[in-house]
Amino acid sequence: MLKFISLSILLINFKTCYGIINGYVANIHDDPYVGQLVALVPIPLTVGDRYGQVVAFSPKYAVTVCHLVQNSDPSAIGVGFGSPYQYLVKVFTISTIRCHEDFAILTNSVTQYAINDIAILKLTEPLPNCDTIQPIPLCISEPADNTALITLGWGAFVQLDLPVLGTRTLNSLILLSSNMLTFNNSIYQGIINEGHICAFSTSGQTPCGGDSGGPLAGKTLFGLTSFSISCGTTQPTVFTNVCYYEPWINANMIP
Ligand SMILES: *[C@@H]1O[C@H](CO)[C@@H](O)[C@H](O)[C@H]1NC(C)=O
């Protein structure tokens, strides 16, 4: 499981970073689908440590990025929902973790990056139906370029982000979805594929260390925070493209 720590550097091994510090404290009533991964046993985190985001898309299922949960024992992980304050979330147990079978961490000259970075978590019991905990529908069609979308996370305001015992507050940020080809050919040098969706802000607000697995959402869920080459810049963050993986998600919801 030390592997998880090294994989979680996807969003942490860079320099200056403002992360969602420039965002706003989220109102969980507006975004009741966001939850967090919670360590239930030492894995090797401390019990209670929070180390990534999950998104509920039905009462019994959540999605996250595979790089956070690959090879994890489902009994070692909980998902917390219902509050922007980490110490106030209600933690639910999960029974299965299914990572995409073609998930991989790769490296090119620019960055370490992930492909097929998606995993489904099945909850042991359905989530309660209340105003602070509500699933979000999976996307139906991809957003047009420059659509304003929200992203959320409990991540750090610095690049190096170690998991913490939940003292953080959920922050949100509005990003613009972007033309994958533009960034594919420039900043990301050909690593962007149909399974990725990019989003950026012209004022240099970005997700940062510890924000992995967070949503990119409008009325539906479009993306999951996966990797970036920098924090706190106008360069885009790369999200797992939920539209692209919707057939995989539907086929892998274990009854
Ligand atoms: C990104 O560029 C690579 C290399 O040119 C290409 O193979 C790939 O299809 C491009 N991605 C997209 C989404 O067009």
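Residues numbered from 1 in each chain as written. Predicted model: local features only at pLDDT ≥ 70, side-chain atom pairs only at ≥ 80, totals over all residues.

A.B. asks: What is the right way to look at the overall build of the protein chain in this model?
C.D. replies: What the protein chain contains, in helices and strands, is 4 helices and 16 strands. Long-range pairs, those at least 24 residues apart, make up 74% of the contacts in the protein chain between residues at least 6 apart in sequence. (Helix = DSSP H or I, 4+ residues; strand = E, 2+ residues; numbered from the N terminus. Contact = placed C-beta atoms within 7 Å.)

A.B. asks: What am I meant to see in unusual backbone geometry here?
C.D. replies: Backbone geometry follows two general trends: most residues other than glycine have a negative phi, and most peptide bonds adopt the trans configuration. Here asparagine 116, not a glycine, exhibits a phi torsion of approximately 50°, which is positive. Mapped onto the secondary structure, asparagine 116 falls in the loop between strand S8 (112–115) and strand S9 (119–123). Given 21 C-beta atoms within 10 Å, asparagine 116 falls into the buried group. Even without a glycine there, the phi angle at asparagine 146 is positive, about 65°. Among the secondary structure elements, asparagine 146 is positioned in the loop between S9 and strand S10 (148–153). Given 11 C-beta atoms within a 10 Å radius, asparagine 146 is considered exposed. (Buried ≥ 20, exposed ≤ 12 C-beta atoms within 10 Å, placed from the backbone.)

A.B. asks: Explain the site of the ligand to me, please; I cannot follow it from the model alone.
C.D. replies: Around the ligand, the structure places Met180, Leu181, Asn184, Gly190, Ile192, Asn193 and Glu194. Looking at the shell around the ligand, its residues break down into 3 nonpolar, 3 polar and 1 charged. (Near = placed C-beta within 6 Å. Nonpolar A, V, L, I, M, F, W, Y, C, P; charged D, E, K, R; others polar.)

A.B. asks: Before we go on, may I ask you to explain the nonpolar core in this structure?
C.D. replies: The tendency in soluble globular proteins is for nonpolar side chains to be buried as a group. Val55, Ala62, Val63, Val79, Ala119 and Leu121 are the most contacted members of the largest nonpolar core, which has 65 residues in total. In terms of residues, this core owes the most to one element, strand S3 (residues 49–58), which gives 5 residues. The residues touching valine 55, leaving out its near neighbours within four places in the chain, are Tyr33, Val34, Ala62, Val63, Ile136, Pro215, Leu221 and Leu224. (Core = buried A, V, L, I, M, F, W, Y, C linked by C-beta atoms within 7 Å.)

A.B. asks: I tried to follow the confidence of the model for the protein chain on my own but got confused; where do I start?
C.D. replies: Close inspection of predicted coordinates is inappropriate in any region flagged by low pLDDT. With 86% of its residues at a pLDDT of 70 or more, the protein chain has an overall mean of 85. Contacts from residues 1–22, a stretch scored under 50 in pLDDT, to residues over four places away or in other chains number 67 contacts. (pLDDT = per-residue confidence, 0-100.)

A.B. asks: Can you help me understand the environment of leucine 127 in this one?
C.D. replies: Its location among the elements puts leucine 127 in the loop between S9 and S10. Sequence spacing of leucine 127 and proline 59 is 68 residues, and the spatial spacing of their C-alpha atoms is 4.9 Å. Once you skip the residues sitting within four places of it in the chain, leucine 127 turns out to touch Ala56, Pro59, Phe81, Phe92 and Ile133.

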